[in-house]
Amino acid sequence: MPLVVLPHGGPFGVFDQWAYDEDGQVLAAAGYAVLRVNYRGSGNYGRAHLDAGAQEWGAAMQDDLTDATRWAVESGIAQADRICIYGASYGAYAALMGAAREPDLYRCAVGYVGVYDLEMLHREQSAGSRSGRTWASEWMGARNTLAARSPITLADRIRIPVFLAAGGQDLRAPLAHSQRMERALKRNGMPVETLYYPNEGHGFYTEPHRREFYTRLLGFLSTHLGGAVAK
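Notes on the structure follow. (Residues numbered from 1 in each chain as written. Predicted model: local features only at pLDDT ≥ 70, side-chain atom pairs only at ≥ 80, totals over all residues. Heavy atoms only, no water.)

Looking at where Gly-226 falls in the secondary structure, it is placed in the segment after helix H8 (207-225). Residues Gly-226 and Asn-44, 182 residues apart in the sequence, show an inter-C-alpha distance of 35 Å. The contact partners of Gly-226, leaving out residues within four places of it in the chain, are Tyr-32, Arg-82 and Leu-221. (Helix = DSSP H or I, 4+ residues; strand = E, 2+ residues; numbered from the N terminus. Contact = heavy atoms within 4.5 Å.)

Below is the structure:
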């Protein structure tokens, strides 16, 4: 089947579980296999698994998603030439990093309310409080190491279509992340679609905006993978 890899947000301590998931259901109903991965750093698997994600943004945490995607192909679940990656928040970061690090693995990428410049995120986390600075240093790493793990500085490696969606009132993943990612992709001649709502935050919550987002999402995926569009 065509496959959508769906990394969860967070990233640390959050985990996917065997329960109803709206995005997973929407994608499955459109004809896609959906792969959800509790990469290292996820919760629910013990302290060692959680700690293994520390300072591994774009590195070992990303490798887990890549390995799982390749497993799905080798297991006969997914078609190797019909795979996209889509996520929100940290999942959006992972989607764009997947596109940069594995340009031959994915056919498209979708970032929803994402962060793409880790140096900027480190500054944002560190500005508010001492605990924020500590968290950024312990879980993200030293600020001067993060450019090499930021999709915005790796845009020249991305060779697939991208869809970005974000809200202008988002305090966790400010709109500037998406706008700068968009500009970086366009500078390198990559096709990018966008959906920005100035009055939405970290996620779209009004029904018209949600309908528009999922309509655009399914249309984008259909163009590149061949699944169903919204009715």
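The rest of the description comes next.
This paragraph deals with the side chain of Asp-64. One can find Asp-64 in helix H3 (residues 60-74). The residues touching Asp-64, leaving out its near neighbours within four places in the chain, are Val-37, Tyr-39 and Arg-40.

What follows is about the pairing of strand E3 (residues 83-88). Along E3, 5 of the 6 residues are buried, which leaves the element largely enclosed by surrounding structure. Alignment of strand E1 (residues 3-5) against E3, held across 3 bridges, turns out to be parallel. In the strand pairing of E3, Leu-3 is matched with Ile-83. In this region the chain leaves E3, passes through helix H4 (residues 90-101) and returns to the parallel neighbour strand E4 (residues 108-112); the handedness of that crossover is right-handed. (Buried < 20%, exposed > 50% of the residue type's maximum accessible area, 1.4 Å probe, protein only. Pairing = 2+ DSSP bridges. Right-handed = clockwise from strand over helix to strand, strands pointing away.)

Our focus in this paragraph is the state of the cysteines. Considering all chains together, one arrives at 1 disulfide under this definition. A sulfur-sulfur distance of 1.8 Å marks the disulfide that ties Cys-84 to Cys-108. Looking along the S-S bond of the Cys-84-Cys-108 disulfide, the torsion reads about 115°, which is the right-handed sense. Pair noted here: Cys-84 is in strand E3 and Cys-108 is in strand E4, with a separation of 24 residues, a long-range link. Per residue, the accessibility class of Cys-84 equals that of Cys-108, and both read buried. (Disulfide = S-S within 2.5 Å.)

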